[in-house]
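Coordinates in review
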Amino acid sequence: MKFSISRIHTRFGIFRVVGEVEFSAQSDEFMYEKVEFMGTDGWCDMDLESPHTQTVLSNIQADFINHLQAMP
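Nothing here was measured: the structure is a model prediction, and the numbers come from that model. (Residues numbered from 1 in each chain as written. Predicted model: local features only at pLDDT ≥ 70, side-chain atom pairs only at ≥ 80, totals over all residues. Heavy atoms only, no water.)

Let us look at the pairing of strand 2 (residues 13-22). Across seven bridges, strand 1 (residues 2-10) lies against strand 2 in antiparallel orientation. Note that in strand 2 the partner of Ile 8 across the bridge is Phe 15. Summarising the sheet, strand 2 and strand 3 (residues 29-39) pair through eight bridges and their orientation is antiparallel. For Gly 19, the partnering residue across the bridge sits in strand 3 and is Tyr 32. Here strand 2 folds back onto strand 3 in antiparallel fashion, the turn holding six residues. (Pairing = 2+ DSSP bridges. Helix = DSSP H or I, 4+ residues; strand = E, 2+ residues; numbered from the N terminus.)

Written as structure tokens, this is what we have:
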């Protein structure tokens, strides 16, 4: 399922996310196309290859799941 979250508040900050997710009983797999965080000067791109970005995304993945499941 393709998704686009225009603004989501998490304990790690505010994010804007575009990607695709496959929900399954075993685990949910996210494929991110673009992730941005709200910095002091506006939206800032995150390097999807960076280990730091991967750690942040894994820590807030539950927030994305909850947001997507709440969508009509």
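Text resumes after the structure shown.
For the structure on display, the rule yields four aromatic pairs. A centroid spacing of 6.1 Å and a plane angle of 65° characterise the contact between Tyr 32 and Phe 64, whose relative ring orientation is edge-to-face. In this pair, Tyr 32 sits in strand 3 while Phe 64 sits in helix 1 (residues 51-70), placing the two residues 32 residues apart along the sequence. Given a relative accessible area of 18%, Tyr 32 falls into the buried group. Feature note: the residues Phe 3, Phe 30, Tyr 32 and Phe 64 constitute an aromatic cluster, connected by ring pairs. (Phe/Tyr/Trp six-rings, centres within 6.5 Å; stacked < 30°, edge-to-face > 60°. Buried < 20%, exposed > 50% of the residue type's maximum accessible area, 1.4 Å probe, protein only.)

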